[in-house]
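# Secondary and tertiary structure notes
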Amino acid sequence: MSMVKGSVGTIVGETNPLAFKFLINKQVGRGTYIKAKAEGKDWILAQVEDVKRSNSAYSVNQLSDGARSYDSREMMIAEARVIGVGSNGKLHLPTSPARPGESVFIADEKLIKATLGLAKGDMYIGLLRGYDIRVELDANTLVQKHCSVLAKTGSGKSYTAAVILEELLDRKVALLIIDPHGEYASMKEPNKEGDFSRYKVKPRGYEVVVYTPGEMAMNPKADRPFRFNGLNLSAREVAKMIPHESSSSGQLGLLYEAISALRSETDAYTLEDIIDQVVRSNSKVKWNLVGQLEALMELGLFSGMATPVDELLRPGRAAVIDMTGIAPELQAMIVARLLTEIFEARKRRLISPGMVVVEEAHNYIPERGTGNAASTNIVRTIAAEGRKFGLGLMVISQRPARVDKNVISQCNTQIIMRVTNPNDLKALSKGLEGMTSELEEEIKRLPPGVAMLVSNEIERPITVNIRPRKSRHGGVSTQIVARERAGAPRGSRGPESRPVASARKSGSEKKSGKGLLKRVFGARIA
Ligand SMILES: Nc1ncnc2c1ncn2[C@@H]1O[C@H](COP(=O)(O)OP(=O)(O)O)[C@@H](O)[C@H]1O
Ligand SMILES: [Mg+2]
C-alpha cells in the first residue's frame, strides 16, 4: 500500500456518496473533520463518526490456527460521514462515492469553514470544538427566525444565551428578557473570569435596565418598578390576574357586577374602587375575592405610572423583567399581558423591533398535559407570526419535553447542550431533522460550556466551545449548590440525595419552613 505524504488513512471497502470507511495510519478520533478527493479538483469534506479496532489474529479462526504475529494484524478503521463537496465556496453532495484506495487527509480550516457554512454570519459565539475556527451566526436569521437553548441545569444555557444576547446588543438589537431568577442584571458589568486571550474576547458591560413587577424595596437589583395601567380594568383582565381556584363562577359574576356598577357611575376607576365595590355586595363568597384583589393591589403592579411599552424595546439595550419573589401563576399572567401589549404595539409599528427572551420557558409555555399558563397563547402567536412584525423569540429551558412543541418547532436555530433525561432526549429527537443515535450519545456527553448547534444555515449539527462572556455571569443557583458540596465533609451526602424524600413524606416538617431546609440542606444552613 503506497502512502501519500500527510495522509491519515486510505479508503477501503465499499463506499457510497454519503459514507465511507478508511484504514487509519495516523491518529484520528471521533468528530475529526477529514477530506478525500472528489471528481475533478474538488474535495469531499467528511467527519469521523466512529473508530473501530479489530485484529484478525484474534478472530476465532486465527486463534485456533495458532497464529503468532498478533500485533501486526491490528487494524483501526474509521467510519466517516460525508458532509459535502465544497467547490467555489458552494456546497453540494457528491454525485459519486469516494474511491477506495484514495488517501484521506485532515481537512483544512478553510474547507471546513466554507463547507459547513460557518463563514456566512457575523455573530461570534465560540470556536468549533477541537479547532480554532470561529463559529459565526447570522444575527438577522437568529432574531427573525427564533432560537431555542435547551439543556439540563448547570450545563451553561443561561451563559450561552447571554453570549448570544451580547452579540445582539453589539448590533444594536433591542432585547426584552423575562428573567425568573434575576440572573441578567449582571450584564451591566464586565466579566472578570475567562480565557479571553484564546477566544479573543474583550470584557465589557452593557446597557441594561432591570424592572421589578413587585415592590422596589424587595428587589435590590431593580432599577425601576414595572407597572401596568391600573385604570378601568375589565372584569376579564382582572380575572386573568387572580389565581384559577378563586375565579369560580360565583366570584367571576361578582367581579362583573362590581365593574359594571362602577362603569355606570364613573369614567375612571382603579383597582381600589373595584375592591370597595365588591365589599359593598351582599354575596357570601365575596371575601375570598376581596382577599385576592387586595393581594393584587398590595403587589403594586397596577398602581402608579404604567410602564410605557416603547420604553421596553430600545435599540442596543436590554430591559430585564426580574420576576424574583413573584408567585408563579402571577408571573405567567404578567408575561401574558406584557407580551400581548408588546406584540400589539409592534404590529402597529409603535415600538422598535427586537427580541423577546423567555428563560425557564417550561413555566411560561408548558407542553399540553404538563401544566397550564396564561402566557402560552401569546408566546405561540409570537413564535408563529413574530417574524412578520420584527419580533424575535428566544426560549430557554431545562426540560425540553415540557415546553410547548409548537413554539420549539418554530425555532430555526437550536442550541442544545448536555441533556441526559430520556424523555427530554426523545423530545429533542422528535423535533430535530437528521437526529442520529450517534448525535444523541454525543448530547448526553457534552461537557458544560459546549453546545451542539443545529440550524438551517449550517449544513449539519456542529459542536461549539462557547466563548467566554463579555459581561459578568449572574447565574447564582448552581454556585450555591457547588459551595454547599465543597463545604460538606467527605462521604456525607450531597444536597440532592436522601433528605429530600424524607422531607416530602413528613407533613408536619413541611409546614415549618425551617425544618424542611434543615432536612434538605443539613443543619449548617437551617
Ligand atoms: N462557556 C462557558 N465558559 C465558562 N463557564 C461556563 C460556560 N458555560 C457555563 N459556564 C459555567 O457553568 C455554570 C452553569 O452555567 P449556567 O449558564 O448558569 O447553567 P444553566 O443555565 O444551564 O443552569 C456557570 O456558573 C458558568 O460559570
Ligand atoms: Mg439558567
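Described in the following lines is the structure provided in the data block.

### Let's talk about the overall build of the protein
Tallying secondary structure elements over the protein gives 18 helices and 19 strands in all. Expressed as a percentage of its 526 residues, the buried residues of the protein come to 48%. For the protein, long-range pairs separated by at least 24 residues make up 69% of all intrachain contacts whose partners lie at least 6 apart in sequence. Of the roughly 26100 Å² of accessible surface on the protein, 51% is carried by carbon and sulfur atoms.

### Remarks on the site of ligand 1
The environment of ligand 1 is formed by 12 residues, the closest being Gly154, Lys157, Ser158, Tyr159 and His473. At a separation of 2.8 Å, an oxygen atom of ligand 1 approaches a polar backbone atom of Lys157. His473 has a polar side-chain atom sitting 2.9 Å from an oxygen atom of ligand 1. A total of 560 Å² of accessible area belongs to ligand 1 in isolation, and the protein chains cover 75% of it. The leading source of residues in the shell around ligand 1 is helix α4 (residues 157-170), at three residues. Along the lines of polarity and charge, the residues of the shell around ligand 1 split into two nonpolar, eight polar and two charged.

### Remarks on unusual backbone geometry
Notably, Lys172 is not glycine yet its phi reads approximately 65°, a positive angle. Taking relative accessible area as the criterion, Lys172 reaches 58% and is therefore assigned exposed. Positive phi outside glycine occurs at Lys200, with the angle close to 55°. Tracing the backbone through its elements, the reader meets Lys200 in the loop between α5 (196-199) and β12 (208-212).

### What to know about the nonpolar core
Within the largest apolar cluster, 77 residues are counted, with the highest numbers of intra-cluster contacts made by Leu176, Ile274, Leu293 and Leu338. With nine residues, helix α10 (residues 328-347) is the largest single contributor of residues to this core. Mapping this core onto the domain boundaries places at least three of its residues in each of domain 2 (134-213 + 312-323 + 342-466) and domain 3 (235-299). When neighbours within four sequence positions are excluded, Leu293 is seen to be in contact with Val238, Ile242, Leu255, Leu271, Ile274, Ile275 and Val278.

### Concerning helix α2 (residues 109-116)
Within α2, the full set of buried residues consists of Leu111, Ile112, Thr115 and Leu116. Down the axis of α2, the buried set is contained in an arc of 105°. They therefore lie on one face. Following α2 by one or two positions, Gly117 adopts a phi angle in the positive range, close to 85°.

### Here's the deal with the pairing of strand β1 (residues 7-16)
Moving residue by residue along a regular strand, the side chains alternate between the two faces of the sheet. As paired elements, β1 and strand β7 (residues 103-106) share three bridges and run antiparallel to each other. Residue pairing for β7: Gly9 is matched across the bridge by Val104. Two strands pair when backbone bridges link them, and β1 and strand β2 (residues 19-24) are joined in this way by five bridges, in the antiparallel orientation. Bridge pairing in β2 links Gly9 to Ile24. Counted between consecutive antiparallel strands, the loop separating β1 from β2 contains two residues.

### What to know about the packing of helix α8 (residues 271-279) against helix α9 (residues 286-299)
Contact pair α8 / α9: the axes reach a minimum separation of 10 Å and the direction vectors enclose 165°. Comparing the axis directions of α8 and α9 gives the class roughly antiparallel. In terms of crossing hand, the pair formed by α8 and α9 is left-handed. Contacts between α8 and α9 pair Leu271, Glu272, Ile274, Ile275, Val278 and Val279 from the former with Lys286, Trp287, Leu289, Val290, Leu293, Glu294, Leu296 and Met297 from the latter. Class assignment for the residues of the contact of α8 with α9 results in 11 nonpolar, no polar and three charged.

### A word on the packing of aromatic side chains
Taken as a whole and judged by the stated rule, the model has six aromatic pairs. A ring pair is formed by Phe226 and Phe228, whose centres lie 5.0 Å apart and whose planes are at 80°; its orientation type is edge-to-face. Comparing Phe226 with Phe228, the two get one shared label, buried. On the basis of an interplanar angle of 35° and a centroid distance of 5.9 Å, the ring pair of Phe228 and Phe302 is categorised as tilted. Of this pair, Phe228 sits in the loop between β13 (224-225) and α6 (235-241) while Phe302 sits in the loop between α9 and β14 (318-322), placing them 74 residues apart in sequence. Three or more aromatic residues joined by ring pairs make a cluster, and in this case those are Phe226, Phe228 and Phe302.

### Focus on the state of the cysteines
Overall, the coordinates contain zero disulfides when judged by the stated rule. Considering cysteine sulfurs only, Cys411 is the nearest to Cys147, which forms no disulfide, with 6.8 Å between them. Relative accessible area serves as the criterion here: at 0%, Cys147 is assigned to the buried category.

### A look at the sheet that holds strand β19 (residues 462-466)
Read across the sheet, 12 strands follow the order β9-β8-β19-β18-β17-β10-β16-β15-β11-β14-β12-β13 without closing on themselves; strand pairing throughout is mixed. Whereas interior strands pair on both sides, the edge strands pair on one side only; in this sheet they are β9 (134-137) and β13.

### A short note on the side chain of Gln331
On the secondary structure map, Gln331 appears in helix α10. Separated by 2.8 Å, the side chain of Gln331 and the backbone oxygen of Ile326 make a polar contact. Those residues in contact with Gln331, other than ones at most four positions away along the chain, are Pro180, Met323, Ile326 and Tyr364.

### Focus: the side chain of Asp404
Mapped onto the elements, Asp404 comes out in the loop between β16 (391-397) and α12 (405-409). A polar contact is formed between the side chain of Asp404 and the backbone nitrogen of Asn406, at a distance of 2.8 Å.

### Overview of the packing of helix α7 (residues 249-265) against α9
Following both chains from N to C, one finds α7 and α9 inclined at 70°, their axes separated by 9 Å at the closest point. Of the possible angle classes, the one that applies to α7 and α9 is roughly perpendicular. Read as a crossing pair, α7 and α9 show a hand that is right-handed. In this structure, α7 contributes Gln251, Leu254 and Leu255 to the contact, and α9 contributes Lys286, Asn288, Leu289 and Leu293. Here the contact of α7 with α9 is composed, by residue class, of four nonpolar, two polar and one charged.

What counts and what doesn't
Residues numbered from 1 in each chain as written. Chains lettered and ligands numbered in written order. Predicted model: local features only at pLDDT ≥ 70, side-chain atom pairs only at ≥ 80, totals over all residues. Heavy atoms only, no water. Helix = DSSP H or I, 4+ residues; strand = E, 2+ residues; numbered from the N terminus. Buried < 20%, exposed > 50% of the residue type's maximum accessible area, 1.4 Å probe, protein only. Contact = heavy atoms within 4.5 Å. Areas by Shrake-Rupley, 256 points an atom, 1.4 Å probe, with all protein chains shown as cover. Near = heavy atom within 4 Å. Polar contact = N/O pair within 3.5 Å; in protein donor to acceptor, adjacent residues only side chain to side chain. Nonpolar A, V, L, I, M, F, W, Y, C, P; charged D, E, K, R; others polar. Core = buried A, V, L, I, M, F, W, Y, C linked by side-chain atoms within 4.5 Å. Domains from an automatic or database assignment. Arc of directions from axis to C-beta. Pairing = 2+ DSSP bridges. Axes fitted to C-alpha atoms, helices over the stretch in contact; angles between N-to-C directions. Parallel < 35°, antiparallel > 145°, perpendicular 65-115°, else oblique. Left-handed = near helix turned anticlockwise from the far one by under 90°. Phe/Tyr/Trp six-rings, centres within 6.5 Å; stacked < 30°, edge-to-face > 60°. Disulfide = S-S within 2.5 Å.

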